[in-house]
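Listed below are the residues making up each chain.
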Amino acid sequence: MRIVTFSRNGAVGVGELVGDRVRVHPRATSAVELAVDPAAYPAGEGVAVSDVHLLAPVARPGKVICIGLNYRAHAAEGGNTIPDYPTVFFRGPTSLVGPADPIILPECSDKLDWEAELAVVIGKTATNVRDNPLDYVAGYCCFNDGTIRDYQRKTSQWTVGKNFDRTGAFSAELVTPDELPAGAAGLRITARHNGEIMQDSDTGDMVFDVATLITTLSEAMTLEPGDVIATGTPSGVGYARKPPVFLREGDTIEIEIAQIGKVTSTIARREASAS
């Protein structure tokens, strides 16, 4: 299934995307619910995609767990060694935007960068998982882990540079695992800046695949339904280019993953952020 969350006439709904229409599942209160147990939530009316406002698949994730340096070529372009344990940091909900909203360029920096990422949405509680870790996945979507690079480098911790308001963008569709290769492995992942390809890789270059990440993370923390794992970015980010390339007001940045979808975001100044 390709599941979307949307607003219409002041109410939030959930449905299955079929072509240019959404089959609304009126009993489902979240995309994760529908992904995990579609039989429990029968479909109702169909509406045109053009008649709804698409939202992020998970409105306010309990945790957004981000993995750094998880593509071999990306680690190399930044002069980093390939880690032997995942590099973990977190994003808060105020740093996130949906597929129809702009990414915000802050007043204090002009070093806004892109990062194309595969996002994994957890479907059921996972603690110390050893067997069948992919069974805990509700679905996959695209994510742009927008980063303020100069603030990221201010300390040894990346938290501030990764948590500026409205810098991390989700695609609309939550794609269930049955639609994809196991662990979403081997899928082309790209970033286009104003139409020009800047990142072009596939998820097979990950150091730690989805199953390994779920096993490793759940050893330390309970993963709950609606939690998101952002699995890292391939090479081709802006700061590593010569000369560096950063996002400017009016630019577009498009993150696309084969068989999953894409999110296209416009870059705006803070005063244009109302939605």
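You'll find the structure just up there.
A word on the layout of surface pockets. Size it by volume and the largest pocket reaches roughly 450 Å³. Along the walls of the largest pocket sit 24 residues, with Leu55, Ala56, Val58, Ala59 and Gly98 positioned nearest its centre. Partitioned by chemical class, the residues of the lining of the largest pocket number 14 nonpolar, eight polar and two charged. Its boundaries defined by the atoms lining it, the second largest pocket holds a volume of some 160 Å³. At the level of secondary structure, the elements contributing two or more residues to the lining of the second largest pocket comprise strand S6 (64-68) and helix H3 (149-152). Each residue belonging to the lining of the second largest pocket can be placed in one class, and the counts come to five nonpolar, six polar and six charged.

Our next topic: the sheet that holds strand S16 (residues 188-193). One open sheet holds the five strands; their spatial order is S9-S20-S19-S16-S17, and the pairing between them is mixed. Looking at which strands have only one partner, the edges of the open sheet turn out to be strand S9 (103-105) and strand S17 (196-202). For this sheet, the mean angle separating the axes of adjacent strands, direction not counted, is 20°. Pairing of S16 with S17, which is carried by six bridges, proceeds in the antiparallel orientation. The residue bridging alanine 191 from the neighbouring strand is glutamine 199, located in S17.

Let us look at the pairing of strand S19 (residues 252-257). Every other side chain in a regular strand lies on the same face of the sheet, so the side chains alternate between the two faces. Strand direction decides the pairing type here: S16 and S19, joined by five bridges, are antiparallel. Following the sheet pairing, arginine 192 is matched in S19 by glutamate 254. Sheet analysis places S19 next to strand S20 (residues 261-269), joined by six bridges and oriented antiparallel. Within S20, the position partnered with threonine 252 by the bridge is threonine 266. Between S19 and S20, which pair antiparallel one after the other, the connecting turn spans three residues, and glutamine 259 there sits at a positive phi close to 70°.

In this section: unusual backbone geometry. Note the cis peptide between lysine 242 and proline 243, where omega equals -5°. Turning to its location among the elements, proline 243 is positioned in the loop between strand S18 (228-230) and S19. Phi is positive for asparagine 132, close to 50°, though the residue is something other than glycine. Within the secondary structure layout, asparagine 132 lies in the loop between strand S11 (116-122) and strand S12 (137-145). On the basis of relative accessibility, which here comes to 53%, the residue asparagine 132 falls in the exposed class. We note that alanine 184 has phi near 55°; this positive angle belongs to a residue other than glycine. Inspection of the secondary structure puts alanine 184 in the loop between strand S15 (174-175) and S16. A relative accessible area of 0% means that alanine 184 is categorised as buried.

Moving on, we get to the environment of isoleucine 267. With respect to the helices and strands, isoleucine 267 occurs in strand S20. For the pair isoleucine 267 and phenylalanine 164, spaced 103 residues apart in sequence, the C-alpha separation works out to 14 Å. Setting aside residues no more than four positions away along its own chain, isoleucine 267 makes contact with Ile103, Leu105, Leu112, Leu247, Arg248, Glu249, Gly250, Asp251 and Ile253.

Our focus in this paragraph is the nonpolar core. Core analysis: the biggest nonpolar cluster contains 44 residues, and Leu118, Tyr140, Leu223, Ile229 and Ile260 have the highest contact counts within it. At the level of elements, S6, S9, S11, S12, S16, helix H4 (210-220), S19 and S20 are the ones that each hand at least two residues to this core. Leave out the neighbours within four places in its chain, and leucine 223 touches Lys63, Ile65, Ile122, Lys124, Thr125, Ala126, Ile214, Leu217, Ser218 and Ile229. Counting 24 residues, the second-largest nonpolar core is a separate cluster that includes Ala31, Tyr41, Phe143 and Ala230.

The relative placement of two aromatic rings is captured by the distance of their centres and the angle of their planes. Counted under the stated rule, the structure contains three aromatic pairs. Judged by centre distance (5.1 Å) and plane angle (75°), the rings of tyrosine 151 and phenylalanine 164 are edge-to-face. Here the residue tyrosine 151 occupies a position in helix H3, and phenylalanine 164 occupies one in the loop between H3 and strand S14 (168-170), the gap between them amounting to 13 residues. Taking the relative accessible area as the measure of exposure, tyrosine 151 reaches 21% and is therefore partly exposed. The class of phenylalanine 164 is buried, set by a relative accessible area of 13%. The ring of tyrosine 136 carries the charged tip of lysine 124 above its face, separated from the ring centre by 5.0 Å. Over the ring of tyrosine 239 we find arginine 153; its NZ or CZ atom is 4.9 Å from the centre of that ring.

Reading the values: rules and limits
- Residues numbered from 1 in each chain as written.
- Predicted model: local features only at pLDDT ≥ 70, side-chain atom pairs only at ≥ 80, totals over all residues.
- Heavy atoms only, no water.
- 1 Å grid on protein atoms, 1.4 Å probe; cavity = no way out; pocket = protein on both sides within 12 Å on 5 of 7 lines; lining within 4 Å.
- Points joined across faces, edges and corners; volume = space filled by probe spheres on them.
- Nonpolar A, V, L, I, M, F, W, Y, C, P; charged D, E, K, R; others polar.
- Helix = DSSP H or I, 4+ residues; strand = E, 2+ residues; numbered from the N terminus.
- Pairing = 2+ DSSP bridges.
- Axes fitted to C-alpha atoms, helices over the stretch in contact; angles between N-to-C directions.
- Buried < 20%, exposed > 50% of the residue type's maximum accessible area, 1.4 Å probe, protein only.
- Contact = heavy atoms within 4.5 Å.
- Core = buried A, V, L, I, M, F, W, Y, C linked by side-chain atoms within 4.5 Å.
- Phe/Tyr/Trp six-rings, centres within 6.5 Å; stacked < 30°, edge-to-face > 60°.
- Lys NZ or Arg CZ within 6 Å of the ring centre and 35° of its normal.

The analysis is restricted to geometry; functional conclusions fall outside its scope.
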